[in-house]
Amino acid sequence: MSKRPRCRDIERLILEREESRLTAGDEKLIGDHLRVCSRCRDFEAALAGMREELPGMIWPSPPAGLDRRVLCRARGVLAGEERGPGEARQALPRPVLAAAAALTVLLAVWSTAALADIGPGQILSDLPFAAKAALLLIAQNALMLFFAPVALRAGRPWAGGPPGGPAPNDADKRRSL
Amino acid sequence: MDRFDGLYEMYRLPIYRFACALTKDPGDAEDLFQEVWLRAARAVRDGHGPRPDVADARPWLFAIAANAHRDALRKKRVRRIFLLERSRSMAAARTDADPGWDVAPRPAEPNGRESDVRKCLRRAVARLPARERRVFVLRDIEGFKHAEIGRMLGIPEATARTLRHRAVKRLQSELSEFRPAARTLAAAGEGRP
């Protein structure tokens with residue numbers, strides 16, 4: 001005796017039936033199952049209902065000004081006025097990157113040395129100038145890391161349209177805050 | 001540039017509709033729409049665009065849109081790590097709200113309003129998990145086949161089928177109030193064979 005099909009398998013066959021012709025055996029399997037399973041009948045009815053409703057759903061059109069803004073930016077890209085991500089990375093010369101890395105290492109070493117003398121129970125006003133400066137540096141870096149994504153997003157090239165182009169819409173402004 | 005303008009004219013409405021179906025508010029839809037066309041312009045500029053026969057461009061553009069949507073969600077997730085509490089409360093508020101699209105009245109519906117079932121369907125689609133939503137919209141609204149969706153999203157065809165099955169199941173339970181038989185079924189707790 002063959003194993004009774006699970007509802008899940010029948011549901012998948014019902015979905016598959018939309019795209020391709022099933023074999024006579026599969027059709028019979030579905031028919032036999034639907035006769036005795038009200039849940040699968042409901043699944044089939046729900047699917048039919050969705051198919052009926054989806055084409056009638058109302059979709060909005062692009063708001064006024066969006067086409068102009070998008071085409072303006074896209075034409076700028078096509079005309080080569082915008083650099084690709086790879087080109088933007090190459091724009092920073094290697095010596096500058098090396099100098100920045102060296103400065104970071106030096107500052108890390110200096111901060112470690114400056115903070116080494118801080119003991120428990122010491123208050124801020126008692127600290128030597130170097131330790132205060134090191135703490136300030138750490139605080140400034142932490143704040144910058146926290147707010148950098150927001151700042152970069154506000155300055156993204158396509159948020160406000162091309163130079164001299166239309167002003168950013170409300171959604172862009174909202175998001176850049 | 002003429003070719004790009006032709007593509008834009010031909011596919012601006014389907015791509016905007018897709019952006020609206022994937023996102024939850026008009027601002028996000030506009031951002032996504034803009035990003036899709038900028039990516040398309042970059043690809044055309046760099047010679048990675050579709051072949052000149054325009055029929056090839058439809059899946060190509062929808063694949064760009066699906067990838068841009070995935071990237072936007074990823075960025076949002078990173079931002080949420082920093083602004084956890086705020087985004088949580090905002091997301092909860094948005095999920096319950098009607099997607100605030102500016103829907104123009106159509107002559108088919110004299111009062112210019114969507115029926116309740118369509119509104120509910122729109123809300124339920126917006127609440128689907130992102131992967132399921134992408135597959136459902138591509139299959140059931142845009143009419144792509146599972147094999148095409150798999151190629152567009154870079155997933156196996158079987159995964160596309162599974163995601164759609166899950167999406168339909170979720171929508172089935174969300175829309176049960178509109179099917180009297182389903183209500184009776186739920187009330188009676190009727191089992192499977």
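Keep in mind it's a predicted model, so treat the numbers as computed, not measured.

Thresholds, definitions, all that
- Within any chain, residue numbers begin from 1 and follow the written order of that chain's sequence.
- Written order decides the labels, with chains lettered from A and ligands numbered from 1.
- Two thresholds apply to this predicted model, a pLDDT of at least 70 for residue-level local features and 80 or more for giving and counting side-chain atom pairs, whereas whole-chain, interface and lining totals are computed over all residues.
- Numbering of helices and strands runs from the N terminus, with a helix taken as a DSSP run of H or I at least four residues long and a strand as a DSSP run of E at least two residues long.
- With C-beta atoms placed from the backbone, a residue is labelled by how many other C-beta atoms lie within 10 Å of its own: buried for 20 or more, exposed for 12 or fewer, partly exposed between the two.
- Residue pairs are scored as contacts if the distance between their C-beta atoms, which are placed from the backbone, is within 7 Å.
- Only buried Ala, Val, Leu, Ile, Met, Phe, Trp, Tyr and Cys residues enter a nonpolar core, and they are joined through C-beta atoms within 7 Å.
- Where each domain begins and ends is defined by an automated method or by a domain database.
- Here the axes come from fitting lines to C-alpha atoms, over the contacting stretch only for helices, and the angles between their N-to-C directions go from 0 to 180 degrees.
- The cut-offs work like this: below 35 degrees is roughly parallel, past 145 is roughly antiparallel, 65 to 115 is roughly perpendicular, and the gaps in between are oblique.
- Two helices crossing with the near one rotated counterclockwise from the far one by less than a right angle form a left-handed crossing, whereas a clockwise rotation gives a right-handed crossing.
- For every residue, the predictor states its confidence as a pLDDT score lying anywhere from 0 to 100.

### Points about the overall build of chain A
At step 1: Secondary structure assignment for chain A yields eight helices and zero strands.
At step 2: In chain A, the succession of helices and strands from N to C terminus is α-α-α-α-α-α-α-α.

### Notes on the overall build of chain B
At step 1: Helices and strands together make up the secondary structure of chain B, namely nine helices and zero strands.
At step 2: Ordered by position in the sequence, the α and β elements of chain B form the string α-α-α-α-α-α-α-α-α.
At step 3: The buried share of chain B, taken over its 193 residues, is 33%.
At step 4: A sequence separation of at least 24 residues applies to 66% of the contacts in chain B between residues at least 6 apart.

### Points about the environment of B:Arg122
Residue and element names in this part refer to chain B.
At step 1: Relative to the assigned elements, arginine 122 resides in helix α5 (residues 116-127).
At step 2: Residue classification places arginine 122 among the buried residues on the basis of 22 C-beta atoms within 10 Å.
At step 3: Residues arginine 122 and leucine 171, spaced 49 residues apart in sequence, show a C-alpha to C-alpha distance of 10.0 Å.

### Side note on the nonpolar core
At step 1: B:Ile15, B:Ala19, B:Phe33, B:Val36 and B:Ala65 are the most contacted members of the largest nonpolar core, which totals 43 residues.
At step 2: In terms of residues, this core owes the most to one element, helix α1 (residues 2-22) of chain B, which gives nine residues.
At step 3: Looking at this core, you find at least three residues from each of domain 1 (1-100) and domain 2 (113-193) of chain B.
At step 4: Contacts of B:Ala19, omitting those with residues within four sequence positions, involve B:Ala29, B:Leu32, B:Phe33 and B:Ala65.
At step 5: With six residues, the next largest nonpolar core counts A:Ile14, A:Ile30, A:Phe43 and A:Ala46 among its residues.

### As for the packing of helix α1 (residues 7-17) of chain A against helix α2 (residues 24-36) of chain A
The geometry of a pair of packed helices is captured by two quantities: the angle between their axes and the separation between those axes.
All names here are of chain A.
At step 1: Their axes nearest at 10 Å, the elements α1 and α2 cross at an angle of 125°. On the basis of the axis angle, α1 is oblique to α2. The crossing of α1 and α2 is left-handed. Contacts between α1 and α2 pair Ile10, Leu13 and Ile14 from the former with Asp26, Leu29, Ile30 and His33 from the latter.

### Some points on the confidence of the model for chain A
Residue and element names in this part refer to chain A.
At step 1: For chain A, the average pLDDT comes to 78, and 79% of its residues sit at 70 or higher.
At step 2: Ranking the elements of chain A by mean pLDDT puts helix α8 (residues 170-176) last, at 41, and α1 first, at 91.
At step 3: Scored below 50 in pLDDT, residues 157-177 makes 32 contacts in the model with residues more than four places away or belonging to other chains.

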